[in-house]
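Architecture at a glance
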2 protein chains.
Amino acid sequence: MSAADRQTQSNRALRALRDRIFDGTITGGERLFEVALSETLGLSRTPLREAMARLEQEGLVERAESGGYVVRSFSFADVVDAIELRGVLEGTAARLAAERGASAAKLNEIKVILADLDEVVPADPARLRFERYVDLNAAFHDRLAALSGSTVIRRELDRATGLPFASPSAFLEAQERMPAFRRSLGAAQAQHRAIVEAIERRQSARAEALAREHAQLARLNLEYILTEDRSLMAGVPGLALIKIA
Amino acid sequence: MSAADRQTQSNRALRALRDRIFDGTITGGERLFEVALSETLGLSRTPLREAMARLEQEGLVERAESGGYVVRSFSFADVVDAIELRGVLEGTAARLAAERGASAAKLNEIKVILADLDEVVPADPARLRFERYVDLNAAFHDRLAALSGSTVIRRELDRATGLPFASPSAFLEAQERMPAFRRSLGAAQAQHRAIVEAIERRQSARAEALAREHAQLARLNLEYILTEDRSLMAGVPGLALIKIA
DNA sequence: GTTTGGCAGAATGTATACATTGATCGGAGG
DNA sequence: CCTCCGATCAATGTATACATTCTGCCAAAC
């Protein structure tokens, strides 16, 4: 059992706090009072502080000037920048994979995911297959990070996608309920294929540009949600953190 | 007084641990035993754990599978990748500054630094002026990150340059003692100027490419040190963390 | 009316005792 | 002789009491 999954008090505190932040029970700018929270959650302040330190690493809270932690709040510009950042990092992962060469084994692995995605994408957006799409999409982005062969880049990408709205899966649930859903998904899959092809052919600049552009799909989805149908915001994890100016 | 500077036990622990890691007293792969360390440092386990959590954020230590913390060790490839990452992020900061437009005030600020650097660069590399160069160089890179206008990018850049060998100032001390020192410094300053000019002219692709290339100077210095004169390694902060394969 | 001093309370910072988990070593059983 | 079980010890995890610092308020002085 991995250390992060063990049933310790600090893990319970971590999950509880994350949940409360995501679902809006604790809102941006709010301070996390240790005594009050420890009573609410039924544990002592020690594991609570541990959990808050980890939330700081995830970027959900930050240390206040006078001590203690405050829930971060994000603007829409921050979300756009976080998506941009993911694009830049995934682009770098793709470029390095192309420049340095990816092993045949790893390339095959990601191609299998591509083939699986092909099977799912043209299908009806029924719930079951959709969840499979989400899993496969996450797997694709995970393998892409690994293809870089750089633990530094991989770590950084993991961190950057820790903010829920910056994750490659962030807008999928909302996307499912969007009119242009299937077309958009097809375009995304075409980009997936192109990225892998570019890496295989050692076309590093192309691989980087494609991966960057791929992330922009998330920004387009965000803008669609904002301008056309804000009710979809509920389907995007962590968008409750956004402070509407 | 900023929260990070207050004379608390955990700040003392943080500094003490950082020092011991940087100077090689605690070496890569070594485990940090709480009881032993708390006795050595003369404080209790609670602020020590706090300090270790913050060191994890800085990337100097990581959580072990079975609990506790272990000092990370880095390969030369990791250092190269960390430099690459800084280049990518500074490139992104420069590109965004160009695309979105930087305020005249901020542009003026960084131009003042450029002018100050111009005064220092052609001078003799005597100790006093050299320290001034280090400060100005750090200030330049700091302002460049700010020019992006993105707190997301700024944060990420701060994080990425937290690893001492990835900092823009990492190789300056070693550089001072290198034969090609002054020539290299002149080239760096020319790049500084070009980056700002590109941003001002809204040449985003040029700004990005230049900032990336600028970071590669650090990689060249690293390779020089490795192949030509390893005694210079002592002058690069944090290079003690590198595990020589 | 404004400012300043200090007091009260509530919050975080710290130490420490206790609980629990994980690893190592030795002995008994196969 | 090897294996497996259990005991023991040492490490981290947790609770809690105490120390310190911060904040907000009130009153007194100017």
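The notes below deal with the structure included here. All chains use their own residue numbering, which begins from 1 and follows the written sequence. For this description, chains carry letters from A and ligands carry numbers from 1, given in the order in which they are written. The predicted origin of the model limits local features to residues at a pLDDT of at least 70 and limits the giving and counting of side-chain atom pairs to 80 or more, whereas totals for whole chains, interfaces and linings rest on all residues. Excluded from the side-chain calculations are hydrogens and water; all other atoms, namely the structure's heavy atoms, are used.

1. Concerning the packing of aromatic side chains
All names here are of chain B. Centres within 6.5 Å make a pair out of two Phe, Tyr or Trp rings, where for Trp the six-membered ring is used; the pair is then stacked when the planes are under 30 degrees apart, edge-to-face when over 60, and tilted otherwise. Tallied over the entire structure, the rule returns two aromatic pairs over all chains. Taken together, a centroid distance of 5.2 Å and an interplanar angle of 75° make the contact between Phe74 and Phe165 edge-to-face. Of this pair, Phe74 sits in the loop between strand S3 (69-71) and helix H4 (76-100) while Phe165 is found in the loop between helix H7 (151-160) and helix H8 (172-176), placing the two residues 91 residues apart along the sequence. Note on Phe74: relative accessible area 2%, which makes it buried. Only DSSP runs of H or I with at least four residues qualify as helices, and only runs of E with at least two residues qualify as strands; both kinds are numbered from the N terminus onward. The classification of residues rests on relative accessible area computed with a 1.4 Å probe and restricted to protein chains. Under 20% of the type maximum is buried, over 50% is exposed, and intermediate values are partly exposed.

2. A few points about the packing of helix H7 (residues 151-160) of chain A against H4(B)
Axis definition: a line fitted to C-alpha atoms, over the contacting stretch in the case of helices. Angles run 0 to 180 degrees between N-to-C directions. Relative orientation of the contacting elements H7(A) and H4(B) amounts to 50°, with a least axis distance of 8 Å. Considered as vectors, H7(A) and H4(B) are oriented oblique to each other. Between H7(A), through A:Thr151, A:Val152, A:Ile153 and A:Glu156, and H4(B), the contact on the second element is made entirely by B:Asp78, B:Asp81, B:Ala82 and B:Leu85. Residue polarity is assigned by list, with Asp, Glu, Lys and Arg as charged and Ala, Val, Leu, Ile, Met, Phe, Trp, Tyr, Cys and Pro as nonpolar; anything else, Gly included, falls into the polar class. Split by residue class, the contact of H7(A) with H4(B) holds four nonpolar, one polar and three charged. With respect to orientation, any angle under 35 degrees is reported as roughly parallel, any angle over 145 as roughly antiparallel, any angle of 65 to 115 as roughly perpendicular, and every other angle as oblique. Residue contacts are defined here by distance: any two heavy atoms, one from each residue, within 4.5 Å place the two residues in contact.

3. A look at the pattern of salt bridges
Throughout this description, the term salt bridge denotes a Lys or Arg side-chain nitrogen within 4 Å of a carboxyl oxygen of Asp or Glu. Inspection of the entire model under this criterion finds 44 salt bridges over all chains. A salt bridge links A:Asp81 to B:Arg100, with the nearest nitrogen and oxygen atoms 2.8 Å apart. Of this pair, A:Asp81 sits in helix H4 (residues 76-100) while B:Arg100 sits in helix H4, placing the two residues on different chains. With a shortest N-O distance of 2.9 Å, A:Arg95 and A:Glu208 are connected by a salt bridge. Note that A:Arg95 is positioned in helix H4 and A:Glu208 in helix H10 (residues 204-228), a separation of 113 residues in sequence. The exposure classification of A:Arg95 matches that of A:Glu208, with both residues buried. Each of A:Glu84, A:Arg95, A:Glu99, A:Glu208, A:Arg212, B:Glu84, B:Arg95, B:Glu99, B:Glu208 and B:Arg212 takes part in a single network of salt bridges with overlapping partners.

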